[in-house]
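# A closer look at the structure
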Amino acid sequence: MSPAGSTPTGTAVVDLLIDKMDFRIGDHVGQAVTVNGSLPAPLLRFRQGQEIELRVTNRLKERSSIHWHGILLPNEMDGVPGVTFKGIEPGETFVYRFPLKQYGTYWYHSHSGMQEQLGLYGPLVIDPAEPEPFTYSREYVVMLSDWTFSDPMRLLAKLKKQSNFSNLQQRTLGDFFDDVSAQGFKRTWAGRKEWGKMRMDPSDIADLTGTYFNYLLNGRPAATPWMGVFNPGERVRLRIINSAATTHFDVRIPGLKMTIVQADGQHVKPVEVEEFRMGAAETYDVLVEPTEDRAYSLFAETTDRSGYALGTLAPREGMTAQIPERRKRPLRTMADMGMAEMKPGEPAMGKMDMGKGETGKTDMAGMSAAEHAAMTGNKPASPPPGGMAGMNHSASGMAPAAPSITPGMAPSMAAPKSGAGEHAGMAGMSGGSVAGMKNQFGPGNSMMAMSPVSRAHEPGTGLGDDGRRVLVYRDLVALDGRSMPPPEREIVMNVTGNMERFIWGFDGKKLSESEPVALRFGERVRITFINHTMMEHPLHLHGMFMELENGTDGVLPLKHTVTVKPGEKISVLVTADARGDWAFHCHLAYHMDAGMFRVFSVV
Ligand SMILES: [Cu+2]
């Protein structure tokens, strides 16, 4: 499959040509950035231990680059303009050469501007030197992405400029709680219709949605889906890669169980699930065994439910499968939004729907006692009385109280496994001091996680409450026999944001305001992420794997991308065994561009 040639020394050589070409969906034609005329870029397939030479020629009118995502390689081969090299000028050829130390499913993409979203992403598969701990008779790469006919840079500008959306959202929430204090809950709630008239941004789930995007599977839209053929009874391996610029997907194949065998290219203890969430840039390899002589839908629903990518697995070409219904738009919970602490028996502001409805307007769901009970596992409280003591956002009202219920927890989130999610939550909505918590991070941040904890046992917002067995990070256990010394020190990285201004960063700072994070060559560090924002951020480290401290008793899974949930505190261990300056960033392209990016300097 790979277009590789080889040199007399056995080095695999591939020529890759970056260019523009038309990309069509239905009657719509846009300009894509392609490699060798293909979107996605062609599959590159090599063997572990092989030396490879990738000669990349840029035929665009602007600078370009290719980064080999998740690959352990010499620093100058990493392909990040401004960090590891200058980038590839128009007309220039850059030769990447490095040995492949690892096995697994990875991918490659541009690290320049928004070229990645416009098509410059492709799969990179490294066959292992050792036999794998599982067998299969057929395999497919499944690449998920989010295509836009808009200019992504203009979308970013719009997100920055249309801050009034989220500005409104923030002021409105503040106003709401002020009103609750002043006139009681009932009257305030009666005014909820007014809320519907206000324009509110769905950015608490996703910055950009199906309105702007077409979701693709192997470059094909849902209307004309990609198809993979199988013989009933065969075991099929799917190498699923989320190469979307800014979209997380929930993946399932109705009628089939999926056995997860690799995460981010590395073997894990097999886990059988019916659905799993993929943060942007993550990969999962799954085995499926379709036994029936029928077609199955490979359904990758966006986490905001605004669309889906679709594929078909079938015994013969031309067969179609039933397409699942999209689920209801998920609701961020109080825990996600900073209202985690409430006293039992009080009427709960159950959950708020901050998304745009089908009408483009906003509604607020939740609030019924029954719903509250469903979410908290508590008995239904008496009918919602007026007043919401404890819900005003003054310092006293929000002061963390004694052990308390968790109003916002969806049942799945309040899963009794460890109860850890009970205290996840944020204070805030505006800068300055909120809920008695001081905003330590300045104008680049607008919320504070009140008592963040690991949510590794939770499937994530809007997932896992319909009876399916869903993968959680806690399930991931590495298969390798690695045993590593404990970390020598801890680095805390606060994941921060100011939605009002569409600033994203760490510790309240954009990349341009930051200093590199210094690591001593060879040292072991624990990096603790505290997410003060209301969004998931898929955090990606270049050059080194992160060992995810997910609470397993087994060997920690290796990840190149760790999706940190809203209000979550979770840590990774890193051995600084690769010299040089390495990029570390949120893999949501719009967040990365807005500043959620750091340089890790290993010297
Ligand atoms: Cu992010």
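Residues numbered from 1 in each chain as written. Predicted model: local features only at pLDDT ≥ 70, side-chain atom pairs only at ≥ 80, totals over all residues. Heavy atoms only, no water.

## Comments concerning the overall build of the protein
A count of helical and extended segments in the protein gives eight helices and 38 strands. A buried classification covers 62% of the 603 residues belonging to the protein. For the protein, the share of sequence-separated contacts (at least 6 apart) that also reach a separation of at least 24 residues comes to 76%. Accessible area for the protein stands at about 22,300 Å²; split by element, carbon and sulfur atoms hold 51% of it. (Helix = DSSP H or I, 4+ residues; strand = E, 2+ residues; numbered from the N terminus. Buried < 20%, exposed > 50% of the residue type's maximum accessible area, 1.4 Å probe, protein only. Contact = heavy atoms within 4.5 Å. Areas by Shrake-Rupley, 256 points an atom, 1.4 Å probe, with all protein chains shown as cover.)

## Describing the packing of aromatic side chains
With the rule as written, the count across this model stands at 19 aromatic pairs. On the numbers, 5.3 Å between centres and 80° between planes, the contact of Tyr140 with Trp226 is edge-to-face. Separated by 86 residues along the polypeptide, Tyr140 in strand β10 (residues 138-148) and Trp226 in strand β13 (residues 226-229) bring together distant segments of the chain. Residue classification places Tyr140 among the buried residues on the basis of a relative accessible area of 18%. (Phe/Tyr/Trp six-rings, centres within 6.5 Å; stacked < 30°, edge-to-face > 60°.)

## Some words on the confidence of the model for the protein
Overall, the prediction assigns the protein a mean pLDDT of 80, with 74% of residues at 70 or greater. Under a pLDDT of 50 for its full length, residues 163-176 has, in the predicted model, 33 contacts with residues more than four places off or in other chains. Predicted confidence is poor over residues 188-204, with pLDDT under 50, and the contacts of this stretch with residues over four places away or in other chains come to 45 contacts. (pLDDT = per-residue confidence, 0-100.)

## Description of empty space enclosed by the protein
One pass over the full model with this rule turns up seven cavities of 30 Å³ or more. In this structure, the largest cavity encloses a volume near 160 Å³. Around the largest cavity, the lining is made up of 13 residues, and of these Arg277, Pro459, Tyr473, Thr563 and Lys565 lie nearest the centre. Among the residues making up the lining of the largest cavity, the classes are represented as five nonpolar, three polar and five charged. Split by domain, the residues of the lining of the largest cavity number at least three in each of domain 3 (213-314) and domain 4 (474-602). (1 Å grid on protein atoms, 1.4 Å probe; cavity = no way out; pocket = protein on both sides within 12 Å on 5 of 7 lines; lining within 4 Å. Points joined across faces, edges and corners; volume = space filled by probe spheres on them. Nonpolar A, V, L, I, M, F, W, Y, C, P; charged D, E, K, R; others polar. Domains from an automatic or database assignment.)

## A short note on the pattern of salt bridges
Close approach of charged atoms lets side chains of opposite charge pair. Following the criterion strictly, the structure yields 35 salt bridges and no others. The shortest N-O distance in the salt bridge between Glu289 and Arg235 comes to 3.3 Å. Within this pair, whereas Glu289 is found in the loop between β19 (283-288) and β20 (296-302), its partner Arg235 is found in the loop between β13 and β14 (236-242), the two being separated by 54 residues in sequence. Residue classification places Glu289 among the partly exposed residues on the basis of a relative accessible area of 43%. Of the residues examined, Arg235 reaches a relative accessible area of 30% and is grouped as partly exposed. Residues joined in a network through salt bridges with shared partners are Asp250, Arg252, Glu275, Arg277, Glu301, Arg305, Arg327, Asp466 and Arg468. (Salt bridge = Lys/Arg side-chain N within 4 Å of Asp/Glu carboxyl O.)

## Here we look at unusual backbone geometry
Residue Pro40 follows Leu39 across a cis peptide bond; omega there is -5°. By the secondary structure assignment, Pro40 is in the loop between β3 (28-35) and β4 (44-47). A positive phi angle, close to 65°, is found at Arg305, a residue other than glycine. Owing to a relative accessible area of 4%, Arg305 belongs among the buried residues under this scheme. At Phe502, a position not held by glycine, the phi torsion is positive, near 50°. Tracing the chain through its elements places Phe502 in the loop between β28 (489-498) and β29 (503-506).

## A short note on the nonpolar core
Of all hydrophobic cores here, the largest spans 131 residues; its most connected members are Trp68, Tyr96, Leu238, Phe276 and Phe529. Apart from residues no more than four positions distant in its own chain, Phe529 is found in contact with Met493, Val495, Leu539, Met546, Val564, Glu568, Lys569, Ile570, Val572 and Phe584. In this structure, Val80, Ala583, Met592 and Val599 belong to the second largest nonpolar core, which totals six residues. (Core = buried A, V, L, I, M, F, W, Y, C linked by side-chain atoms within 4.5 Å.)

## A short note on helix α1 (residues 152-161)
Those residues of α1 that fall on the buried side of the exposure criterion are Pro152, Leu155, Leu156 and Leu159. Down the axis of α1, the buried side of the element spans an arc of 100°, and every buried residue falls inside it. Along α1, the residues that are exposed and aim more than 90 degrees away from the buried face are Arg154 and Lys161. The opening residue of α1, the one whose side-chain oxygen lies 2.9 Å from the backbone nitrogen of Met153, is Asp151. (Arc of directions from axis to C-beta. Polar contact = N/O pair within 3.5 Å; in protein donor to acceptor, adjacent residues only side chain to side chain.)

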